[in-house]
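As a plain string of letters, each chain reads:
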Amino acid sequence: MANPKESELHYTLGDAKPALGQVLEVAPGVRWLRMGLPFALDHINLWLLRDELDGRQGWSIVDCGVTNEATQAAWEQVFASGLDGLPVLRVIVTHFHPDHMGLAHWLTARWSTPECECRLWISATDYNVARLASSSTIGMGGESAAGFFASHGLTDPEALDKIRARSSYYPSMVPAVPARFRRLMNGQTLRIGGQDWRCIVGYGHAPEHIALFNAGQGLLISGDMALPRISTNVSVIDIEPEADPLSLYLASIATLLELPADTLVLPSHGLPFTGLHQRIRQLQEHHDERLADVLDACMSAPRCAAELLDLLFKRKLDLHQTTFAMGESVAHLHLLWLQGQITRRIDADGVIRFSRP
Ligand SMILES: [Zn+2]
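Here the structure is a predicted model, which is why all the values come from computation and not from measurement.

A. Representation of the coordination of the zinc ion within the structure. Protein coordination at the zinc ion: the donors are His95 (NE2), His97 (ND1), His205 (NE2) and Asp224 (OD), at 2.1 to 2.2 Å from the metal. Relative to the metal, the 4 donor atoms surrounding the zinc ion lie at angles of 91 to 173 degrees, and the coordination shape comes out irregular. The sequence pattern describing where the donors of the zinc ion fall on their chain is H-x1-H-x107-H-x18-D. Here His97, found in the loop between strand E5 (88-92) and helix H2 (98-101), pairs with His205, found in the loop between strand E9 (195-202) and strand E10 (209-214); they are 108 residues apart in sequence, far enough to count as distant. Residue His97 shares its accessibility class with His205, and that shared class is buried.

B. Here's a closer look at the pairing of E5. Across the 5 residues that make up E5, a large majority, 5, are buried. Bridge analysis of strand E4 (residues 56-62) against E5 gives 4 bridges, and the strand direction is parallel. Looking across to E5, one finds that Trp59 is bridged to Val88. Taken together, E4, helix H1 (residues 69-81) and E5 form a β-α-β motif whose crossover is right-handed. When E5 meets strand E6 (residues 119-123), the two strands line up parallel, connected through 3 bridges. When the sheet's bridge partners are listed, Arg90 is paired in E6 with Arg119.

C. Structural detail: unusual backbone geometry. Residues other than glycine seldom take positive phi values, yet Asp54 does so here, at roughly 50 degrees. For Asp54, the location among the structural elements is in the loop between strand E3 (43-53) and E4. One non-glycine residue with positive phi stands out, namely Asp84, at about 55 degrees. Here Asp84 is to be found in the loop between H1 and E5. The exposed category is assigned to Asp84, whose relative accessible area is 53%.

D. Up close: the nonpolar core. Counting 53 residues, the largest nonpolar core has Phe149, Leu220, Ile253, Leu256, Leu276, Leu333 and Ile342 as the members making the most contacts within it. Secondary-structure elements contributing two or more residues to this core are helix H5 (142-151), helix H6 (157-165), E10, helix H8 (245-256), helix H9 (276-300), helix H10 (309-313), helix H11 (319-338) and strand E14 (352-355). In this structure, Phe149 is in contact with Leu154, Leu160, Ile163, Thr323, Met326 and Gly327, ignoring residues within four places of it in sequence. Membership of the second largest hydrophobic core comes to 37 residues, among which are Leu37, Phe39, Trp59 and Leu120.

E. Expanded view of the environment of Ala251. Mapping Ala251 onto the fold places it in helix H8. In this structure the C-alpha to C-alpha distance between Ala251 and Gly202, which are 49 residues apart in sequence, comes to 8.6 Å.

F. Fine view of the pattern of salt bridges. Tallying each qualifying case throughout the model produces 17 salt bridges. In this structure, Arg345 and Asp347 form a salt bridge, with 2.5 Å as the shortest nitrogen-oxygen distance. Taking relative accessible area as the criterion, Asp347 reaches 16% and is therefore assigned buried. We note a salt bridge from Asp347 to Arg353, for which the minimum N-O separation is 2.7 Å. Among the ionic contacts, a cluster of salt bridges with common partners joins Arg345, Asp347, Asp349 and Arg353.

G. Looking closely at the sheet that holds strand E8 (residues 189-192). In spatial order, the strands read E8-E9-E10-E11-E12; together these 5 strands make up an open sheet with mixed pairing. Each having just a single partner strand, E8 and strand E12 (264-267) make up the two edges of the open sheet. Averaged over all pairs of adjacent strands, the angle between their axes in this sheet comes to 25 degrees, without regard to strand direction. Bridge count for E9 against E10 is 5 bridges, and the pairing is antiparallel.

H. Spatial organisation of H8. Its 12 residues give H8 an end-to-end C-alpha distance of 17 Å, which sits within 8% of 16 Å, the value for a rise of 1.5 Å per residue. Burial in H8 covers these residues: Pro245, Leu246, Tyr249, Leu250, Ser252, Ile253 and Leu256. The arc that holds the buried residues of H8, viewed along the axis, is 165 degrees, so those residues lie on one side. Packed against the buried residues of H8 are E9, H9 and H11.

I. Up close: the packing of H5 against H6. Two elements in contact, H5 and H6, have axes separated by 7 Å at closest approach and are oriented at 150 degrees. With respect to their mutual orientation, H5 and H6 come out roughly antiparallel. Of the residues in H6, those in contact with Gly142, Glu143, Ala145, Ala146, Phe149 and Ala150 of H5 are Leu160, Ile163 and Arg164. Residues of the contact of H5 with H6, tallied by class, amount to 6 nonpolar, 1 polar and 2 charged.

J. Structural detail: the packing of H8 against H11. The interhelical angle for the contact between H8 and H11, taken along N-to-C directions, is 85 degrees, at an axis separation of 7 Å. By the angle between their axes, H8 is roughly perpendicular relative to H11. Counting all contacts with H8, which are made through Pro245, Leu246, Ser247 and Leu250, the residues of H11 involved are Ala331, His332 and Leu335.

Definitions and cut-offs
Residues numbered from 1 in each chain as written. Predicted model: local features only at pLDDT ≥ 70, side-chain atom pairs only at ≥ 80, totals over all residues. Heavy atoms only, no water. Donors = N, O, S within 2.8 Å, 3.2 Å for Na, K, Ca; no water. Tetrahedral: all angles 85-135°; square planar, octahedral: opposite > 155°, others 65-115°. Helix = DSSP H or I, 4+ residues; strand = E, 2+ residues; numbered from the N terminus. Buried < 20%, exposed > 50% of the residue type's maximum accessible area, 1.4 Å probe, protein only. Pairing = 2+ DSSP bridges. Right-handed = clockwise from strand over helix to strand, strands pointing away. Core = buried A, V, L, I, M, F, W, Y, C linked by side-chain atoms within 4.5 Å. Contact = heavy atoms within 4.5 Å. Salt bridge = Lys/Arg side-chain N within 4 Å of Asp/Glu carboxyl O. Axes fitted to C-alpha atoms, helices over the stretch in contact; angles between N-to-C directions. Expected span 1.5 Å × (residues − 1). Arc of directions from axis to C-beta. Parallel < 35°, antiparallel > 145°, perpendicular 65-115°, else oblique. Nonpolar A, V, L, I, M, F, W, Y, C, P; charged D, E, K, R; others polar.

Following this line, the structure appears as structure tokens:
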């Protein structure tokens, strides 16, 4: 959902952005690059941090881009001209989604030597979900996802067939996951090139998303937890059908208000910005308004998630967007349901409907 109050934020670097295969320094030792994506969201921001590890000079990569030849070619350009001739020492991944995790297998193999493996650093939960999702269809399409969407009122047979057929969605962008990893946890501090970066866990978007905060330089690598232009996707998916990710997400972003107001946020999508506190408040308001709309709709009649798409999204959605939107619609209903503001029942047609008690 586009941010109508984007003008309250400040894009301190103007609209400068690195060209494909190029890097742009955003702070001493911190370089920004962008890779293309095969979805409506057309790019991802990745970061290079000047580092020293096990007595070797080089770079840490934060997030990877999806697996395809164009992204690999762009990385080769970066290796040739953006690393000052130094190697990549480790690959840090904020969360398991394909645009972040995709090329971790290739990057770590590309930079491992017989003496020293280039290690993947990631939360244990996201590492294990990535391994499962890469080698199966869990939560990413297929029969289980189609059944889940149908139970929330998605009836279009064509859409359901497409969801059934989409079982290789995750493996197509993340065909492999490194066999070993190093675990990131909330509160842990990473020493990267003479700077301390603190891991801040976030829930609701991914199982155990890790953002990185550097107090010395006033930088937050926010991953997908705080984006300037679009709201973070917060969805219930078939593998955990009674989940309440929106409560988790709102609690997580509230903790980011403890960071300094002038923090420069380095998001995974969009441009670096200041105005973190405004952005968190905007997101809180956005969800409060959606929740009030959903509650209102459930006052007049029992509602299923599919019926609320028009109310929540007010634009035509393609199939990819419809699956995300369904997950978001269920997330809003579940927050209200699990707080006891609405109740749910499973009707004779197998559809779950929510209403005021
Ligand atoms: Zn994500």
